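Reading the structure
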Amino acid sequence: MATFCHRICHRWSLSRITGLVLISNYKSQVTVPVSAATCRLLSWSGARVTSLAHQSLCGLKNQRSCSSGADPAPQKGGLGVRETSLLLNANCGREKAVASSPAKETFFTDLDVIPLPSPFEEILDEEAVQIEGREVLPPASFTLRDYVDQSDTLSKLVLLGVDLSKLEQRPNVANMLLRLDFDKNVKECLLFLKDLGVEEHQFGAFLTKNPFILTESLGNLQKRVSYLQSKKFNKEAIARMVSKAPYLLNFSVERLDNRLDFYHKELGLNVQKTRELVTRLPSLLTGSLEPVRENLKVYRIEFGFQENELQHMVMKVPKMLVASKKKVTVVFDYLHNIMGIPHLLVTKFPQVFNAKLLRIKERHLFLEHLGRAQYDPVQPNYISLDKLVATPDEVFCVEIAKATLPDFEAFQKTL
Amino acid sequence: MSRSARSVARALQGLFSVYKPPGVHWKRVRDAVETNLLQELNSLKQPDARQLIRFLPVHADGESETETNLTVVKLPALADHPLVKGPEFVHLKVGTGHRLDVMSSGVFVLALGHGNKQLPELYNCHLTKDYTVKGFFGKATDDFSDMGRLVEKTTYDHITRDKLERIVAVIQGSHQKALLTYSGIDFKTQEAYELASRGLLRPMQNSPPIITGLRCVHFSPPNFTLEIQCLHETQKYLRRIVHEIGLELKSTAVCTHVRRTRDGFFTLQDSLIRTRWDLQSVQDALRGRGSKGKATLLESGLEPPAGETDRLQARGQRTTTGTLRTAQTGTS
């Protein structure tokens, strides 16, 4: 997942978030069309802000031509400009410097057209009520905390359960989120996901993992879903895959096809089995393939598992494909060379590859100390491997080792 | 949930010991303890969000559109929402006492809060440490442990317990001499007599590794177990001792286990094993250490040098406390 994220935003921009907040309740602010109130609002909120808005318009055009990662929100000219506080991306600073000077001139001519109200002019209460005092947003910040109370999109995302504190640490994500408009970009994406079968309570975790789905076009997403459907994944499977592997729908159809093909060929599974495997651990599709290939080599060549044994194990515990090579090697070395467990038993209980080495070690030594380390199924007092690694300590001590927990803890201090 | 995370974090002060399992680097042990504590602290009650005062327009039903009233509403600031603010505790300062290398296990001292300031004072006490060292005859490796590259194989049939104990006594004797030279005390004084008679002579500044007690507790060829009390040692040095014992016995030996059973006044009983590295156990361990009087330490004459004690008392901190096993058999 992390590798993919880095691929998307391979360019490490400044961690600075440049404020660009969309305020969707703008209409409620300015209800009287071209009245004194509007002008007053403009002058009250400060010439700086408005001029920045103009600058950024030009800047954003330039930005489009230099094509930064996230696509900027659609802009309109004139009074329809919806930003209160704008600053350009640090990347297009040069373009801004070139573009800003003519923008300023047009801005000043605009101001000439609208007569500025006198500060001593009395205004009606109704009008006064409609002038909303907003806190001035910092033009640039290191955190989204400064914007979250002002931005509609961000506050709705927080209420959905998106962890902004995590997202703001990723490059470009915070700027991208600030440019979004909840009703325009976010809502339909979420509705789409809901139609797919992603549960509502999963949205927060989903968007925390993959905020980039909000910038993906719905047509593309639909294409990928129909590709999955064409591969005979049923509705539940697709819902499960999308919610467990949030980056799945950001992958192009060709890439998804390649990856499905990889598991199909590399493991020699039939189509049905491949589908089952990918449904059980969808992150196989979005993760990097190189570690999987390496792990398979380790299982085949270094450990000496047969092809059919490997297939059996992978279908039972798909996680062993993405486990760390080093960890798996250490665990198997201990099981096979020290505990003397044959390949056949490991094939039957592939859960051992999920267990921690320390846990296996101390339990084995404890059983050996008690004279109960008997892992051969044909002899009496047989202890199965999954019971050895998967039971919690209390159950292990009482049921398997037939001892007490304090005994076990005292034993661990003698290792 | 009753106590707030901040007050719990503020109470995490002092020294405690954990049991480091073999095969794990001490840094991973420290980090594991830190992560566990942080996780539990962040799940405790967090401070309330600030309240923002907002004027929200309210449209009354009977009135026309243009007439709007403002009501004052107190809303919790979204900027203080846990999802926006992030976890409250991201870092805890966990200091470490005398280190243990990867393959060795045993009592490993950690410090929290002002315990970090006590650590250098603990160093300056130059207290002895207890080790249990296991080894077997018949092999020699390049790093003196059983995991290293095999250098030599030898026979060990001629070794008896008597011969082993004789060598052990010789090594202890030579270290006794070193102890006297490095202790830096004039031997014609009453003070030296009193310290020596109680077995408390020890160097008060840096010195080469010194073994103050060494004895063989278990011998069944080729395996043997030694109990060592020493100062300023490294685990590698202890393995070398095993190797040298092997050479002196006209054979070779490698070391399989190095296990620290006592570090100063931290004993095996009150060190926490891997499954107990959580907030509750750490709190108990810190409290247990505090409740034990300082008297035992003073009684056994293992208090830090005079200046150190005064500074500690002036600061009103609990200093090095706890019971000390009578471990100074070697010097008496």
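About the criteria used
- Residues numbered from 1 in each chain as written.
- Chains lettered and ligands numbered in written order.
- Predicted model: local features only at pLDDT ≥ 70, side-chain atom pairs only at ≥ 80, totals over all residues.
- Heavy atoms only, no water.
- UniProt positions renumbered as here; feature names shortened; annotations may be inferred.
- Helix = DSSP H or I, 4+ residues; strand = E, 2+ residues; numbered from the N terminus.
- Buried < 20%, exposed > 50% of the residue type's maximum accessible area, 1.4 Å probe, protein only.
- Contact = heavy atoms within 4.5 Å.
- Areas by Shrake-Rupley, 256 points an atom, 1.4 Å probe, with all protein chains shown as cover.
- 1 Å grid on protein atoms, 1.4 Å probe; cavity = no way out; pocket = protein on both sides within 12 Å on 5 of 7 lines; lining within 4 Å.
- Points joined across faces, edges and corners; volume = space filled by probe spheres on them.
- Nonpolar A, V, L, I, M, F, W, Y, C, P; charged D, E, K, R; others polar.
- Domains from an automatic or database assignment.
- Buried area = accessible area lost by both parts, 1.4 Å probe.
- Salt bridge = Lys/Arg side-chain N within 4 Å of Asp/Glu carboxyl O.
- Polar contact = N/O pair within 3.5 Å; in protein donor to acceptor, adjacent residues only side chain to side chain.
- Pairing = 2+ DSSP bridges.
- Phe/Tyr/Trp six-rings, centres within 6.5 Å; stacked < 30°, edge-to-face > 60°.
- Lys NZ or Arg CZ within 6 Å of the ring centre and 35° of its normal.
- Expected span 1.5 Å × (residues − 1).
- Arc of directions from axis to C-beta.
- Disulfide = S-S within 2.5 Å.
- Axes fitted to C-alpha atoms, helices over the stretch in contact; angles between N-to-C directions.
- Parallel < 35°, antiparallel > 145°, perpendicular 65-115°, else oblique.
- Left-handed = near helix turned anticlockwise from the far one by under 90°.

Looking up chain B in an unreviewed UniProt entry gives the name Putative tRNA pseudouridine synthase 2-like protein, with the organism given as Callorhinchus milii. In the Sequence similarities (unreviewed entry) part of its UniProt record, chain B is described as follows: "Belongs to the pseudouridine synthase TruB family."

Labelled according to an unreviewed UniProt entry, chain A appears under the name Transcription termination factor 3, mitochondrial, originating from Callorhinchus milii. Note on chain A: under the UniProt heading Sequence similarities (unreviewed entry), the record states "Belongs to the mTERF family."

Here we come to the overall build of chain B. A tally of helices and strands in chain B yields ten helices and 13 strands. Looking at chain B as a whole, 48% of its 332 residues qualify as buried. Nonlocal contacts in chain B, meaning residues at least 24 apart in sequence, comprise 73% of its contacts between residues at least 6 apart. For chain B, the accessible area works out to roughly 16,600 Å², and carbon and sulfur atoms hold 54% of it.

Okay, the side chain of H243(B) next. As for its position among the elements, H243(B) is in helix α7 (residues 235–248). The contacts of H243(B), once residues within four sequence positions are left out, are F144(B) and A253(B).

Attention now moves to the layout of surface pockets. Its boundaries defined by the atoms lining it, the largest pocket holds a volume of some 1,600 Å³. Along the wall of the largest pocket there are 42 residues; nearest its centre are L357(A), L358(A), K361(A), P22(B) and G23(B). For the lining of the largest pocket, the elements supplying multiple residues, two or more each, are α20 (325–338) and α22 (357–370) of chain A together with α2 (26–43) and β11 (253–263) of chain B. Of all the elements, α20(A) adds the most residues to the lining of the largest pocket, at seven residues. The residue inventory of the lining of the largest pocket, partitioned by class, reads 20 nonpolar, ten polar and twelve charged. Each of domain 1 (1–46 + 88–125 + 268–291) and domain 3 (128–263) of chain B contributes no fewer than three residues to the lining of the largest pocket.

Turning our eyes to something else, we now look at the UniProt feature "domain: Pseudouridine synthase II N-terminal" (unreviewed entry) in chain B. Within the UniProt annotation, "domain: Pseudouridine synthase II N-terminal" (unreviewed entry) is assigned to residues 93–235 of chain B. As annotated, residues 93–235 of chain B has a helix share of 31% and a strand share of 33%, and its two end C-alpha atoms lie 26 Å apart.

On to the interface of chain A and chain B, then. In this assembly, 25 residues from chain A lie in contact with 28 residues from chain B. With both chains or domains summed, chain A and chain B bury close to 2,400 Å², and 55% of this area falls on carbon and sulfur atoms. Ranking the residues of chain A by area buried against chain B places R145(A), D149(A) and K413(A) at the top, with a combined share of 29%. Taken together, the connections running from chain A to chain B amount to three salt bridges. R145(A) serves as the salt-bridge partner of D80(B), at 2.7 Å between the closest nitrogen and oxygen. Applying the counting criterion to the chain A and chain B interface returns 15 residue pairs in polar contact (both at pLDDT 80 or more). Put simply, the parts of the chain that give the side of chain A that touches chain B at least two residues each are α6 (125–130), α7 (145–148), α8 (152–160), α9 (164–167), α22 and α25 (405–412) of chain A. Ranked by residue count, the leading element in the side of chain A that touches chain B is α22(A), at four residues. Each residue belonging to the side of chain A that touches chain B can be placed in one class, and the counts come to eight nonpolar, six polar and eleven charged.

Let us look at the domain arrangement of chain A. All names here are of chain A. Domain boundaries in chain A define domain 1 (141–215) and domain 2 (231–287). Taken over C-alpha atoms, the centre of domain 1 sits 25 Å from the centre of domain 2. Domain 1 puts 14 residues into the contact, and the matching count from domain 2 is nine residues. Between domain 1 and domain 2 the total buried area reaches about 910 Å² when both faces are included, carbon and sulfur atoms providing 63% of it. When the area that domain 1 buries against domain 2 is broken down by residue, the three leading residues are L196, F206 and N210, summing to 47%. Summed over the shared surface of domain 1 and domain 2, the result is zero salt bridges. In this structure, the connection of domain 1 to domain 2 is made through five residue pairs in polar contact (both at pLDDT 80 or more).

The next point concerns the pairing of strand β5 (residues 105–112) of chain B. Two faces make up the sheet, and in a regular strand the side chains alternate between them. Residue and element names in this part refer to chain B. The element β5 is extensively covered by neighbouring structure, given that eight of its eight residues are classed as buried. For strand β4 (residues 94–96) and β5, the ladder comprises three bridges, and the chain directions are antiparallel. Within the sheet, the bridge partner assigned to V94 lies in β5 and is L112. Relative to β11, β5 is paired through two bridges, and the arrangement is parallel. Opposite G106, over in β11, you have R260 as the bridge partner.

Moving on, we get to the packing of aromatic side chains. Applying the stated rule across the entire model yields 15 aromatic pairs over all chains. Pairing Y299(A) with F303(A) gives two aromatic rings, centres 5.6 Å apart and planes at 75 degrees, and the pair type is edge-to-face. Judged by its relative accessible area of 1%, Y299(A) is buried. Where F265(B) meets F266(B), the ring centres are 4.9 Å apart and the plane angle is 35 degrees; that geometry is what we call tilted. An aromatic cluster is built from Y299(A), F303(A), F305(A), F332(A) and F353(A), whose rings are joined through pairwise contacts. For R363(A), the ring lying beneath its charged end belongs to F396(A), and the centroid distance is 4.4 Å.

Here R10(B) is to be found in helix α1 (residues 5–11). Sequence separation of R10(B) and G113(B) is 103 residues, and the distance between their C-alpha atoms is 8.0 Å.

Residues and elements named next belong to chain A. Here helix α15 (residues 253–266) is 14 residues long and its end C-alpha atoms lie 20 Å apart, about the 20 Å a rise of 1.5 Å per residue gives. For α15, every residue scored as buried is listed here: L256, R259, L260, F262 and Y263. The buried residues of α15 all sit within an arc of 150 degrees when viewed along its axis, so they share a single face. The outward face of α15, more than 90 degrees from its buried face, is lined by the exposed residues E254, N258 and K265. Directly beyond the C-terminal end of α15, a positive phi value near 65 degrees is found at G268.

All names here are of chain B. As enumerated under the stated definition, the model contains zero disulfides over all chains in all. Cysteine C125 shares no disulfide, and the gap to the nearest cysteine sulfur, in C230, comes to 17 Å. C230 takes part in no disulfide bond, and the closest cysteine sulfur, belonging to C255, lies 12 Å away.

Glancing now at unusual backbone geometry. Residue P221(B) is joined to P222(B) through a cis peptide bond whose omega torsion reads 5 degrees. Along the chain, P222(B) falls in the loop between β9 (210–220) and β10 (223–231). Phi at N381(A) is positive, roughly 60 degrees, even though this residue is not glycine. Judged by its relative accessible area of 61%, N381(A) is exposed.

With that settled, consider the packing of α22(A) against helix α24 (residues 393–400) of chain A. Residue and element names in this part refer to chain A. Here α22 crosses α24 at 20 degrees, and the two axes come no closer than 12 Å. Taken together, the axis directions place α22 and α24 in an arrangement best described as roughly parallel. The two elements α22 and α24 meet at a crossing, and its hand is right-handed. On α24, the residues touching R363, F366 and L367 of α22 are D393, F396 and I400. A class-by-class count of the residues in the contact of α22 with α24 yields four nonpolar, no polar and two charged.

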